[in-house]
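An overview of the molecular structure
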2 protein chains.
Amino acid sequence: MPKTSPKKTARRRPVQLTQDLTRARFDKLAKPLRTQLLGLQDQLKAEDFSVLLLFVGSAMAGKNESLNLIAEWLDPRWIITRAYGPPTAEESQRPEYWRYWRDLPPKGQIGLFAGSWYHKPVHDLANGEIGRRKFFRALDEVRAFERTLAADGTLILKFWLHMDKAALKKRMKALEKDNANSWRVGDLDWQHLKQHSKLRKAHERAANYTDAGDGRWIRVDGNDPRRRALTILKTVRDALTAHIKARRKRRRQVLKAAQIMDRIRRDRLTDISANLKKLERQSQAAAAKKPSSPGAQTGAGSGLILDRLDLSLHLGTEEYQRELKERRADLGMRFRRQHFAGKSAIILFEGPDAAGKGGAIRRLTASMDARDYRVIQVAAPSEEERAQHYLWRFWKHLPQAGRLTIFDRSWYGRVLVERVEGFAQPGEWMRAYDEIVDFERQLTSRGLVVVKFWIHISKDEQFRRFKERETISYKKWKLTAEDWRNREKWNEYSVAVDEMVARTSTELAPWTLVEGNDKKFARIKVMDTVCQALRRAS
Amino acid sequence: MPKTSPKKTARRRPVQLTQDLTRARFDKLAKPLRTQLLGLQDQLKAEDFSVLLLFVGSAMAGKNESLNLIAEWLDPRWIITRAYGPPTAEESQRPEYWRYWRDLPPKGQIGLFAGSWYHKPVHDLANGEIGRRKFFRALDEVRAFERTLAADGTLILKFWLHMDKAALKKRMKALEKDNANSWRVGDLDWQHLKQHSKLRKAHERAANYTDAGDGRWIRVDGNDPRRRALTILKTVRDALTAHIKARRKRRRQVLKAAQIMDRIRRDRLTDISANLKKLERQSQAAAAKKPSSPGAQTGAGSGLILDRLDLSLHLGTEEYQRELKERRADLGMRFRRQHFAGKSAIILFEGPDAAGKGGAIRRLTASMDARDYRVIQVAAPSEEERAQHYLWRFWKHLPQAGRLTIFDRSWYGRVLVERVEGFAQPGEWMRAYDEIVDFERQLTSRGLVVVKFWIHISKDEQFRRFKERETISYKKWKLTAEDWRNREKWNEYSVAVDEMVARTSTELAPWTLVEGNDKKFARIKVMDTVCQALRRAS
């Protein structure tokens, strides 16, 4: 947390733009800038990152004009322009950042945002609606959000447009008198003028606290529109030039680092594999002595959490039917109640191929009204999704008030398949743990119930199910060559799951590991866990 | 309009499924069906159409169970399941069909819809909320919607699940007593039971009126769940088999027809081109005699509407500045008022390359609060968009209440670039006129203001602007090789525009042709037209 006082900061970045710039002089300075920016925009299209330009501060200080200027000067096909007011009906039913995630520019493009995630904390503090503690907590969320985007490569530049009170008042009076522009000055603007120094102080605090490498603040004097424009355009040009260069250098480094990491990972895996094989041999030897102990079929001493599961747990048919009926009644009522209370929930399923995720999901949805839930089958991302942060496609699917979204596979793909198959660089999946914890914290802090299942089966049981799928005509479609390939990486997945559970099981969004060798047992455990989670939330 | 009475129809499709089917017998019949359906689903993935299965009728008659059965039996990765209740906040701010468009399955996939566009008209009629006239008008919209989808290849099967009143009552009582299912029976269901015969009659009417080739009705007796399941599964299998075959045959025919159409078109174009060239020569000869008449630069006798525009219209700088100021003041106030009244608007721009669309849009948006509008740059469709009906991506962008969406190019691409470049088959762009008129009627009937501009310039003026773009550094990006290529097809575009304007200019969504050789004149005409449209709407 940078502890510099507002005064000190002001001294550090002196603003002395009082001279007027003639139109002719501006044109002369601006023309080459425009050509350079267009050239940079053209380069950007081939880059693997997006650019986010934020304009905050008083509308009168030129927030919208600045945004329009850039939109006008550059190629509009690669620009997304958004301005935010109070949340609409559909926005207020989702976590606060939902609307920003939805609007993020894809890689190679520029997003121009007027108004942003800074508006609420700054105004709430200035109005006295929140104290400093809540203010800084809100800014922590801002930092986490910007860090997530910046880690993905996004260049974030935040322009704070400000004017002194007297000049602002003069400008507002002039606008009010002008027929063409009088609509621009509303009651709210006069109210903001009254709070001018409070708002300024809050802005100053927010800027100091969030002026990180992930998103730099640029304070721009709004008094002189031409100076203002030049400052913004030059800053964008310089920052974009530097960022393109830095990203290219970084890509080379990442490639090198990945090779090193890969070697380390493979060494570690060899250790674990050797260990697992040893344990397997031991347990086989043990089983040969005591053939009636199916629980010991994998070595429980590998140190991996999955191997500590007792996969021999099972339910008899009668018991299952009785439990199923009870759970269904309970779930049905709870879902209805939750629906009418406007509470949303997310249930996600992960697990090896053929673990029984689909079956468990169907047992859940059988207790629900089809209008209240959606099942999202997560497969490889589409072209549009690949051009965005990996969390973007999940934000898109967040349920509205009172609805439930079930994910059949989820954002954990980042630290499972993308890690194991090398689709994500080590740096990428390593920081994903924190990003995911942060993402889920945003959901739960909005009151969403988050339930996460890892349904586990033993390697032998998977083999048995694959074979079964091969022989039963209407189950054949479920088995692909990929499933057999994934199976070869069983140990790598075991290590990944171990780390995933350890690093992303939080109090509000804990993992539930389900012993899945017996489908009946697994289904009841899933239903029971969901019941409990809903009960706790209501 | 099929005039058959309900009775007659009932006779035509006798429903005599009273026998019970044992579980064992059902399994024996169902297993091969399942394998066949999975095979068909696999074939479907490579086809160029989607499948829509609608389940309507009483929830108790097995609407959701039927949907769940199919979802369970097939590969869930290629299935979209949706169930509809009353419109949510975000849905009720858009035209009625917005939510259905949003949920349509992409090509190669199956959409399972429980509840649908039939719910409202049927229930409104049964409740006495609307009379028969409004009922049939609503059904006309239904037919237009289904026709649009069917023309795109979609296979639509509509299952009407019904039960007689006594059986329904018995089932509801049984469910109510059952702890696991009591939540399924609500007050609304008892109310529907009271209206049973009215609802049934309304359903019957709706089914008769909309049982077209575009979407067949299948009446299913809901009394016996196993019979019901078999009927549905067999129907899907047979219809899908036939549809795949028919589409393949059709594709071959379309290909042949396209070759013929193409020859006819080329012949017609040769005629028009010759005519245009002759007129050009004549006007050049005339201009040589009277050099002071720029209005006659293209032959006004080609018979094409664009050639009747007086492109010599222009505005002096002073007049322009005065008009601009006035229009901006007017527009600013009108947009604000419209925003607060919750009225949405769509403004679209079409025109040749370099016609000045972007400039006109910027003059409009300068009068608006950036939070109130969005500019959509329409380029080639993405992978996701290509897998849908061509109107799908525009439905996606419909503004919410009080907002404005500006389209820089639009759905008219279907009858312009897609027609001229041959991206759409003749049959496809030919029926697009009606589809577009219908689409816009849905918008205007929801109170949306629709304003459509064709900004026109002469071929000479375009050449001048292209040359200018080539020499000014910051305008270079605007000019691509494609622009020069498009220019070669000037005459083909003229013919396409002529037909477009003639066939899609309606009272509520008329085309405004803008004389664009003088940018100042064009901009003022655009602003003025928008002002007038907003005035009429308020």
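Residues numbered from 1 in each chain as written. Chains lettered and ligands numbered in written order. Predicted model: local features only at pLDDT ≥ 70, side-chain atom pairs only at ≥ 80, totals over all residues. Heavy atoms only, no water.

**Here we look at the interface of chain B and chain A**
Each partner contributes residues to the interface: chain B has 53 residues there, and chain A has 53 residues. In this structure, the connection of chain B to chain A is made through six salt bridges. Residues D103 of chain A and R374 of chain B are paired through a salt bridge, measuring 3.9 Å at the closest nitrogen-oxygen approach. One can count five residue pairs in polar contact (both at pLDDT 80 or more) joining chain B with chain A. The set of elements that each furnish at least two residues to the side of chain B that touches chain A consists of α2 (23–44), α3 (63–73), β2 (79–83), α4 (89–92), α12 (317–340), β7 (373–377) and α14 (383–386) of chain B. (Contact = heavy atoms within 4.5 Å. Salt bridge = Lys/Arg side-chain N within 4 Å of Asp/Glu carboxyl O. Polar contact = N/O pair within 3.5 Å; in protein donor to acceptor, adjacent residues only side chain to side chain. Helix = DSSP H or I, 4+ residues; strand = E, 2+ residues; numbered from the N terminus.)

**Things to note about the sheet that holds strand β6 (residues 345–350) of chain A**
All names here are of chain A. With parallel pairing, the five strands of this open sheet are ordered in space as β7-β8-β6-β9-β10. On the outer flanks of this sheet lie β7 (373–377) and β10 (511–515), each paired with one strand and no other. The mean angle between the axes of side-by-side strands here comes to 20 degrees, regardless of whether they run parallel or antiparallel. Sheet strands in contact with helix α13 (residues 357–365) are β6, β7, β8 (404–408) and β9 (449–456), and its direction is about 155 degrees off that of β6. (Pairing = 2+ DSSP bridges. Axes fitted to C-alpha atoms, helices over the stretch in contact; angles between N-to-C directions.)

**Observations concerning α12 of chain B**
Residue and element names in this part refer to chain B. Here α12 contains 24 residues, and its C-alpha end-to-end distance of 34 Å stays within 8% of the 34 Å for a straight helix at 1.5 Å per residue. On the buried face of α12, the contacting elements are β6 (345–350), α13 (357–365), β8 (404–408), β9 (449–456) and α21 (519–537). Looking one or two residues beyond α12, the residue adopting positive phi is G342, at roughly 70 degrees. (Expected span 1.5 Å × (residues − 1).)

**Quick word on the packing of aromatic side chains**
Within this structure, the stated rule accounts for 47 aromatic pairs over all chains. Between W101 of chain B and W395 of chain B the ring centres are 5.4 Å apart and the planes differ by 15 degrees, which places this aromatic pair in the stacked class. Residue W101 of chain B is found in helix α5 (residues 98–103), and its partner W395 of chain B is found in helix α15 (residues 392–395); the two are separated by 294 residues along the sequence. Across the pair, exposure class does not vary: W101 of chain B and W395 of chain B are buried alike. Across the ring face of W98 of chain A, the terminal group of R94 of chain A is positioned such that the distance to the ring centre comes to 4.3 Å. Seen from the ring of Y209 of chain B, R143 of chain B lies directly overhead, with NZ or CZ sitting 4.7 Å from the centre. (Phe/Tyr/Trp six-rings, centres within 6.5 Å; stacked < 30°, edge-to-face > 60°. Buried < 20%, exposed > 50% of the residue type's maximum accessible area, 1.4 Å probe, protein only. Lys NZ or Arg CZ within 6 Å of the ring centre and 35° of its normal.)

**Examining the side chain of D408 of chain A**
Residues and elements named next belong to chain A. Along the chain, the position of D408 falls in strand β8. Buried and without a salt bridge, D408 has K357 as its closest oppositely charged side chain, separated by 5.0 Å. Excluding residues that lie within four positions of it along the chain, D408 makes contacts with F349, K357, I361, I376, Q377 and V378. (Lys, Arg positive; Asp, Glu negative; His and termini not counted.)

**Re the pattern of salt bridges**
Residue and element names in this part refer to chain A. Counted under the stated rule, the structure contains 94 salt bridges over all chains. Note that R102 and E91 form a salt bridge whose closest N and O atoms lie 3.2 Å from each other. With R102 in helix α5 (residues 98–103) and E91 in helix α4 (residues 89–92), this pair connects stretches of sequence that are 11 residues apart. On the accessibility criterion, R102 (29% relative accessible area) is partly exposed. When its relative accessible area of 9% is taken as the criterion, E91 is described as buried. For E499, the salt bridge identified is with R419, shortest N-O distance 2.9 Å. Residue E499 is found in helix α20 (residues 490–504), and its partner R419 is found in helix α16 (residues 417–420); the two are separated by 80 residues along the sequence. The exposure class assigned to R419 is buried, which follows from its relative accessible area of 5%.

**Some remarks on the side chain of R469 of chain B**
Residues and elements named next belong to chain B. With respect to the secondary-structure elements, R469 resides in helix α18 (residues 459–471). With no salt bridge to any partner, buried R469 finds its closest opposite charge in D483, at an N-O distance of 4.9 Å. In this structure, R469 is in contact with A354, K475, K476, K478 and L479, ignoring residues within four places of it in sequence.

**What about the sheet that holds β9 of chain B?**
Residues and elements named next belong to chain B. Judged by pairing direction, the sheet is parallel, and its five strands sit side by side in the order β7-β8-β6-β9-β10 without closing on themselves. The strands lining the two open edges of the sheet, one partner per strand, are β7 and β10 (511–515). Looking at each pair of strands side by side, their axes are set apart by 20 degrees on average, direction ignored. Two strands pair when backbone bridges link them, and β7 and β8 are joined in this way by five bridges, in the parallel orientation. Paired with V375 across the two strands is I406, which belongs to β8. Across the face of the sheet, α13 comes into contact with β6, β7, β8 and β9 while running at roughly 155 degrees to β6.

**What to know about the relation of the copies chain B and chain A**
One copy of the chain maps onto the second through a rotation around an axis plus a translation along that axis. Superposition of chain B onto chain A requires a rotation of 180 degrees combined with a translation of 0.0 Å along the rotation axis, giving an RMSD of 0.0 Å. Seen this way, the second copy is the image of the first under a two-fold rotation axis. Looking at the rotation axis and the C-alpha trace of chain B, the residue lying nearest is E90 of chain B, at 2.7 Å. A share of 100% of interface residues in chain B that are also interface residues in chain A marks the association as one of identical surfaces. (Least-squares fit on C-alpha atoms with pLDDT ≥ 70 in both.)

**Observations regarding the packing of helix α7 (residues 132–151) of chain A against helix α17 (residues 426–445) of chain A**
All names here are of chain A. Put simply, α7 and α17 touch, their axes get as near as 11 Å, and they point 140 degrees apart. As the angle between them shows, α7 and α17 are arranged oblique. The way α7 lies across α17 gives a crossing that is left-handed. Here E141, A144, T148 and A151 of α7 lie close against α17, whose contacting residues are R431, E435, D438 and R441. Among the residues forming the contact of α7 with α17, the class breakdown is two nonpolar, one polar and five charged. (Parallel < 35°, antiparallel > 145°, perpendicular 65-115°, else oblique. Left-handed = near helix turned anticlockwise from the far one by under 90°. Nonpolar A, V, L, I, M, F, W, Y, C, P; charged D, E, K, R; others polar.)

**Quick look at the pairing of strand β3 (residues 110–114) of chain A**
Judged by how many residues are buried, β3 of chain A sits mostly within the fold: five of five residues are covered. The side-chain alternation of β3 of chain A yields two buried faces, one formed by I110, L112 and A114 of chain A and the other by G111 and F113 of chain A.

**Concerning the confidence of the model for chain A**
Residue and element names in this part refer to chain A. The predicted model of chain A has a mean per-residue pLDDT of 87, with 92% of residues at 70 or higher. Here residues 291–300 is modelled with pLDDT under 50, and outside its nearest four sequence neighbours on either side it reaches 14 contacts, counting other chains as well. Here the predicted complex carries an ipTM of 0.78, next to a pTM of 0.82. (pLDDT = per-residue confidence, 0-100.)

**Some thoughts on a positive patch on the surface**
Residue and element names in this part refer to chain A. Among the surface-exposed residues, K165, K169, K173 and K177 lie close enough to one another that they form a single positively charged patch. Mapping K177 onto the fold places it in helix α8 (residues 165–177). When its relative accessible area of 75% is taken as the criterion, K177 is described as exposed. (Patch = residues over 30% accessible without salt bridge, like charges linked within 9 Å, V, L, I, M, F, W, Y side chains within 5 Å. Areas by Shrake-Rupley, 256 points an atom, 1.4 Å probe, with all protein chains shown as cover. Charge placed at Lys NZ, Arg CZ, Asp CG, Glu CD.)

**Quick word on the packing of α8 of chain A against helix α9 (residues 187–194) of chain A**
Residues and elements named next belong to chain A. Where α8 meets α9, the closest approach of the two axes is 11 Å, and the angle between their N-to-C directions is 165 degrees. The pairing of α8 with α9 is recorded here as roughly antiparallel in orientation. Considering the relative orientation of α8 and α9, their crossing is left-handed. In this structure, α8 uses K165, L168, K169, M172, K173 and E176 to contact α9, whose residues at the interface are D189, W190, L193 and K194. For the contact of α8 with α9, a count of residues per class yields four nonpolar, no polar and six charged.

**Examining helix α12 (residues 317–340) of chain A**
Residues of α12 of chain A that are buried include every one of Y320, L324, R327, A329, L331, G332, R334, F335, R336 and Q338 of chain A, and no others. Close packing links the buried residues of α12 of chain A with β6, α13, β8, β9 and α21 (519–537) of chain A.

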